Amino acid sequence: MLRESDPSASKISDGSGYQPGLDEAGLTERSPASEHGHPDTLTADNRLPAVSAAVDKDTSNTGATGPQTGFWPVLQNRNFLTLWGGQVFSQLADKVYLVLMIAIIASQYEVPGQTISGWVSAVMIAFTIPAVLFGSLAGVYVDRWLKRPVLVLTNLLRGTLVILLPLGLWLSHDWGTIAGIPISFCLLLVVTFLVSTLTQFFAPAEQSAIPLIVDERHLLSANSLYTTTMMASVIIGFAVGEPLLAIADKLLASFDGNSGIGKDILVGLSYCLAGVILMLMRTGESSENLTKDSHVLTDIKEGLRYIKQRPPIRNAIIQLVLLFSVFAALAVLAVRLAEVIPALKSSQFGVLLASGGVGMGIGAALIGHAGHRFARRQLSLVGLLGMGAALGGLSMTIHSLWGSLALIAILGIFAATVGIPMQTTVQEQTPEDMRGKVFGLQNNLVNIALSLPLALAGVAEAFLGLRLVLLSLAAIVILGGIFTQTVFTVPAETSSPP
């Protein structure tokens, strides 16, 4: 990323970072040129020449009536389509990986009459620890490295680890135990830890790459696709993971002697395919402009200080954490919800989650085409209040299939009106030389937000009941929306009269 001493860094900071032309509280657009007397913001016309010349950014950005909006300019951007394609395979593989671990545990370590919850919890902990330990650190190093090699290598390495896992488990099967734990299971934990560690580097690099390849005026549409894919992977990955793994086993049964390694091949190849796709992307970065001479701990503190001093970024990250917490909890509660709906079996919980994915797709389309007409603050507030209302309604219709499907779909629509504008806010308000630090911290918090509800939602439902847990989630979301719009928000600065 650009150093602070780089003379062109001020352009980046003014245009993509803390912008005087944007409302502190809600990013309501004002005209920087008219307020400050000079057009020093980073527009499509005054971006860094080295970047704009090297990167295939949006084509056909303007027409007879002005700038194009909606998805079309983004879908014409070859580099963004490449990044998006890599994201689809990589993030789905991330979620299906956890389903794969449960399948391996059930087939190799389950003891008749005993639950596998202890084994599964150990894997979940191994997957969560890197997010806590390395999330912020990874973002700092991403600022020092070119983004494309990071994106490619993290996927290829994860794919290789997963593909080689069956061989490692087979070789270590008879190696005995350590403190009563099979050595083969310890190997499973090590591979899970390494896969999760590599994911901590992939996520901030992916988020940092979007503003490099997408024109600023089309970031909202780009994030409609990016954020929806990220949220949908949480739902779809858990919902379709088991059927996909079963299909992979059947397809390879005649080649592997029905050993079941098809599951590992599917997940590993998904990671590798993402890496191959991302080789085709061009970001226009130069190694000469990367941060190299600052201390790692100093960079982490700088990222924390930057977030603290920028209310729009701080509030956006809080709302994203809240959003992902709700959907992680919903992924667990959907199993119990399917149990209490007479028309469904517990194994059909994926039907409920799929309706949330449909809702997010609808919400993404609406935000991508019309979201630029509204202030980001207004969109997120409406989204959080709508999510709260949908969760409250869901608690009242837990025995109705169609009522539950409709309300979960509505929940998905409102979730898109929170996630997409808030992710765009973080990207627009963060200067290029701070993106890795900020996205690393955001990734750290989001991973924790995804992991804790997965562990706690089931326990809370067992003690409190499904209806009360859903009502509690509704109250948390509504209160979160009110607090981020009032208590945690600094009023917009008014310009001094000339």
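Below is a summary of the structure that appears in this document. Since this is a predicted model, take the numbers as computed values, not measurements.

1. Thoughts on the overall build of the chain
Counting its regular elements, the chain contains 17 helices and four strands. Relative to its full complement of 498 residues, the chain shows a buried share of 55%. Of the contacts formed within the chain by residues at least 6 apart in sequence, a portion of 82% connects residues at least 24 apart.

2. Focus: the packing of helix α7 (residues 147-171) against helix α8 (residues 183-213)
Where α7 contacts α8, the two axes come as close as 8 Å, and the packing angle between them is 160°. As the angle between them shows, α7 and α8 are arranged roughly antiparallel. Between α7 and α8 the crossing geometry is left-handed. Taken together, the residues that form the contact of α7 with α8 break down as 18 nonpolar, six polar and three charged.

3. Quick look at the pattern of salt bridges
Taken as a whole, this structure holds six salt bridges when the rule is applied. Between Glu 461 and Arg 336 there is a salt bridge, and its shortest N-O distance comes to 3.2 Å. Taken together, the positions of Glu 461 in helix α16 (residues 435-464) and Arg 336 in helix α12 (residues 311-340) put the pair 125 residues apart, joining distant regions of the chain. Note on Arg 336: relative accessible area 33%, which makes it partly exposed. Across the pair Arg 376 and Glu 428 runs a salt bridge whose closest N-O atoms are separated by 2.8 Å. Of this pair, Arg 376 sits in helix α14 (residues 376-396) while Glu 428 is found in helix α15 (residues 401-429), placing the two residues 52 residues apart along the sequence. On the basis of relative accessible area, Arg 376 is assigned to the buried category, the value being 8%. Judged by its relative accessible area of 10%, Glu 428 falls in the buried class. Taken together, the shared-partner salt bridges in this structure form one network comprising Arg 336, Glu 339 and Glu 461.

4. So, the environment of Ala 406
As for its placement among the helices and strands, Ala 406 is situated in helix α15. With a relative accessible area of 37%, Ala 406 lands in the partly exposed category. C-alpha separation for the pair Ala 406 and Ala 390, spaced 16 residues apart in sequence, amounts to 9.2 Å.

5. Describing unusual backbone geometry
Within the chain, Ala 179 stands out as a residue other than glycine whose phi angle is a positive 55°. Note on placement: Ala 179 falls in the loop between β3 (177-178) and β4 (181-182).

6. Notes on the packing of aromatic side chains
Under the criterion given, the structure shown has seven aromatic pairs. Centroid distance Tyr 109 to Trp 119: 5.4 Å. Interplanar angle 25°. Geometry classified as stacked. Here Tyr 109 is found in the loop between α5 (78-108) and α6 (117-142), whereas its partner Trp 119 is found in helix α6, with ten residues between them in sequence. A centroid spacing of 5.3 Å and a plane angle of 75° characterise the contact between Tyr 109 and Phe 185, whose relative ring orientation is edge-to-face. Pair noted here: Tyr 109 is in the loop between α5 and α6 and Phe 185 is in helix α8, with a separation of 76 residues, a long-range link. Among the residues examined, Tyr 109 registers a relative accessible area of 8% and is labelled buried. Lying across the ring of Tyr 141, Arg 144 places its NZ or CZ 5.8 Å from the centre.

7. Quick word on the environment of Phe 80
Residue position: Phe 80 is located in helix α5. Note on Phe 80: relative accessible area 2%, which makes it buried. Along the primary structure Phe 80 and Tyr 226 are separated by 146 residues, whereas in three dimensions their C-alpha atoms are 9.7 Å apart.

8. Some thoughts on the nonpolar core
Leu 337 and Met 387 are the most contacted members of the largest nonpolar core, which totals 78 residues. Tallying contributions element by element places α12 first for this core, with 17 residues. Here this core gathers at least three residues from each of two domains, domain 1 (74-282) and domain 2 (296-489). Apart from the residues within four sequence positions on either side, Met 387 is in contact with Leu 323, Val 326, Phe 327, Leu 411, Phe 414, Ala 415, Val 418 and Val 477. In this structure, Ala 93, Leu 98, Val 123 and Leu 188 belong to the second largest nonpolar core, which totals 24 residues.

Calculation rules
- Residues numbered from 1 in each chain as written.
- Predicted model: local features only at pLDDT ≥ 70, side-chain atom pairs only at ≥ 80, totals over all residues.
- Heavy atoms only, no water.
- Helix = DSSP H or I, 4+ residues; strand = E, 2+ residues; numbered from the N terminus.
- Buried < 20%, exposed > 50% of the residue type's maximum accessible area, 1.4 Å probe, protein only.
- Contact = heavy atoms within 4.5 Å.
- Axes fitted to C-alpha atoms, helices over the stretch in contact; angles between N-to-C directions.
- Parallel < 35°, antiparallel > 145°, perpendicular 65-115°, else oblique.
- Left-handed = near helix turned anticlockwise from the far one by under 90°.
- Nonpolar A, V, L, I, M, F, W, Y, C, P; charged D, E, K, R; others polar.
- Salt bridge = Lys/Arg side-chain N within 4 Å of Asp/Glu carboxyl O.
- Phe/Tyr/Trp six-rings, centres within 6.5 Å; stacked < 30°, edge-to-face > 60°.
- Lys NZ or Arg CZ within 6 Å of the ring centre and 35° of its normal.
- Core = buried A, V, L, I, M, F, W, Y, C linked by side-chain atoms within 4.5 Å.
- Domains from an automatic or database assignment.

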